[in-house]
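# Notes for the structure review
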Amino acid sequence: MIIYKKVIDISIFLKNKRRSKQDIGFVPTMGALHKGHLSLLENSLKENSLTVCSIFVNPTQFNDKADFEKYPTTIEDDIAALEAVGCDVLFLPSVEEIYPDNLSPEPYDLGSLETLLEGKYRSGHFQGVCQVVDRLLDIVQPTTIYLGQKDYQQCMVIQKLIQLKNSNTTVFICPTAREITGLAMSSRNIRLSQHGKEAAVAIYNSLLFIKGNSNYLSLADLKNKVETKLLQSGFDSIDYVEIADGTTLESISDNTSSSSKVALIAAFIEGVRLIDNMVIS
Ligand code: PAF
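Residues numbered from 1 in each chain as written. Predicted model: local features only at pLDDT ≥ 70, side-chain atom pairs only at ≥ 80, totals over all residues. Heavy atoms only, no water.

### Structural notes on the side chain of E97
Operational definition: Counting from the N terminus, the helices are the DSSP runs of H or I reaching at least four residues and the strands are the DSSP runs of E reaching at least two. In what follows, residue pairs with any heavy atoms lying within 4.5 Å of each other are defined as contacts.
As for its position among the elements, E97 is in helix α5 (residues 95–98). Ignoring sequence-local partners within four residues, the contact set of E97 consists of K5, K6, V7 and R135.

Printed below as a string of C-alpha cells:
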C-alpha cells in the first residue's frame, strides 16, 4: 500500500491512473477502523482497479470540542488492517493539507437535512462533513465513493453534495456492520466499557421492536416505549427516537403516511453518543 500525506503527490499519482482509465473506489474515514470500514473497502476492492482510503479526523465536523479531542486514533493498527485487506492507497493528510488557506467556505444548501435529526442536535456538523468530503472528492475524483448505512443522514447529505457539485461520482451505500450482539460497529464503541457495550445493544433491539410492531402500535406509542426501554437499559439520555420518511427524513406521525420508512435513534451511554437506524419499509 502506498501512503500519501501531500495533496500534490496523491493528485499526480491518481491523475496517471485516471489517464489509464482505471476505476477508482474511495472510502473516506476518520480512522479507528473496524469491520464496518473493512466491508466498505472490500466492496471497493471488488469493483475497482484501485482503492483509496483516507484517514482524516476532520475538525470542522465536530460541534463538540471534547468529542473531537476524545476521538480515538489507532493509526498503526489502521495501517496494518488496510494492508491486510489489500487497500492500494492510503491518503493521510494533515489539517494544513486539507484546509491550506483557512478560509470559511460558502455554506452548502442542504435544505431540511441540515435542521432535522443529526442536523438539529449537531449544529454545523453536516457543513463540516460537506467541507471535507468536497475537498476529498476534488483530490481523489473517485468513480465511486463507499459509505456505511449506519450514518443514514450523512449518506443523504453526501448524495446531496454530489448533486450540488454536478459530480459524476456514484455513491454506494453498504449495510451497517454489526457485532454478533447486534450493536452497530462504530469507532466510538472503543470508548465504552464491556458493560456499556452490552447495554448499548438496547438501541438495536429497539429498532427491531419498532420494525416488528410498526403495524400494531401507533408511532407515538412505539417511540414512548422505546425511550423508556433505552433509559431503563442504562442510556443516560436520548437525543431522538424518530420514525421518518426514508427519502426526506421528515418525521411521520401515522403508519400509513409514507411508503418508505426508517427508524433512527441517537442516544448517550457512558458519555458516548451512539446512532443507529433501520429501514422499516
Ligand atoms: O463518517 C465519517 O467517518 C466522516 O464523517 C467522513 C465521511 C469520513 C467525513 O469526515
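### Overview of the site of the ligand
So the rule is basically this: For this description, a residue counts as near a given molecule or strand if any of its non-hydrogen atoms is within 4 Å of it. Definition of a polar contact: a pair of N or O atoms within 3.5 Å, with one able to donate and the other able to accept a hydrogen when the atoms are protein atoms, and with sequence-neighbouring residues admitted only if both atoms are side-chain atoms. All accessibility values rest on the Shrake-Rupley procedure with a 1.4 Å probe; residue burial counts only the protein chains present in the view. In this classification, Asp, Glu, Lys and Arg are treated as charged, Ala, Val, Leu, Ile, Met, Phe, Trp, Tyr, Cys and Pro as nonpolar, and every other residue, Gly included, as polar.
Within the structure, the ligand sits among P28, T29, M30, Q61, V132 and Q154. Between Q61 and the ligand, the recorded distance is 2.6 Å, taken from a side-chain N or O atom to an oxygen atom. Within the side chain of Q154, one N or O atom sits 2.7 Å away from an oxygen atom of the ligand. For the ligand, whose accessible area on its own is 290 Å², the fraction buried by protein is 89%. Grouping the amino acids of the shell around the ligand by side-chain chemistry returns three nonpolar, three polar and no charged.

### What to know about the packing of helix α7 (residues 125–140) against helix α8 (residues 152–164)
Our working definition: With axes taken as lines fitted to C-alpha atoms, and helix axes fitted only over the stretch in contact, angles between N-to-C directions fall between 0 and 180 degrees. In what follows, roughly perpendicular refers to angles from 65 to 115 degrees, roughly parallel to angles under 35, roughly antiparallel to angles over 145, and oblique to any angle outside these ranges. Crossing handedness is defined as follows: a turn of the near helix away from the far one that is anticlockwise and smaller than a right angle gives a left-handed crossing, while the clockwise case is right-handed.
Their axes nearest at 10 Å, the elements α7 and α8 cross at an angle of 55 degrees. The angle between α7 and α8 places the two elements in the oblique class. At the point where α7 passes α8, the crossing takes the right-handed sense. Residues F126, V129, C130, V133, D134 and L137 of α7 touch α8, and the partners they reach there are Q153, Q154, V157, I158, L161 and I162. Residue classes in the contact of α7 with α8 are distributed as nine nonpolar, two polar and one charged.

### A word on the pairing of strand β9 (residues 272–279)
Stated formally: Exposure classes here rest on a 1.4 Å probe applied to the protein chains alone. A residue is buried below 20% of its type maximum, exposed above 50%, and partly exposed in between. For two strands to be treated as a pair, DSSP must find no fewer than two bridges joining them.
In terms of residue burial, β9 counts as a mostly covered element, since seven of its eight residues are buried. Strand direction decides the pairing type here: strand β8 (residues 261–269) and β9, joined by eight bridges, are antiparallel. Directly across from F268, in β9, lies its bridge partner R273.

### Some remarks on the packing of aromatic side chains
To be explicit about the condition: A pair of aromatic rings is counted whenever rings of Phe, Tyr or Trp (Trp by its six-membered ring) have centres within 6.5 Å, and the orientation is called stacked for planes under 30 degrees apart, edge-to-face for over 60 and tilted otherwise.
Inspection of every chain in the model, using the stated rule, returns six aromatic pairs. Where Y121 meets Y240, the ring centres are 5.8 Å apart and the plane angle is 40 degrees; that geometry is what we call tilted. Here Y121 is found in helix α6 (residues 118–121), whereas its partner Y240 is found in strand β7 (residues 237–245), with 119 residues between them in sequence. Residue classification places Y240 among the buried residues on the basis of a relative accessible area of 7%. Here the aromatic residues F62, F68 and Y71 are joined through ring pairs into a cluster of three or more.

### Focus on the sheet that holds strand β5 (residues 144–148)
Read from one edge of the open sheet, six strands run β1-β4-β3-β2-β5-β6, paired in parallel fashion. Each edge of the sheet is formed by a strand with only one pairing partner; in this case those strands are β1 (2–4) and β6 (170–174). Ignoring strand direction, the axes of neighbouring strands in this sheet form an average angle of 25 degrees. Here five bridges tie β5 to β6, and the two strands are oriented parallel to one another. Considered in β6, the bridge of L147 is made with I173. Of the strands in this sheet, β1, β3 (50–55) and β4 (89–91) are in contact with helix α4 (residues 75–85), which crosses β3 at around 170 degrees. The strands that α8 touches are β5 and β6; relative to β5, the one it contacts most, it runs at about 160 degrees.

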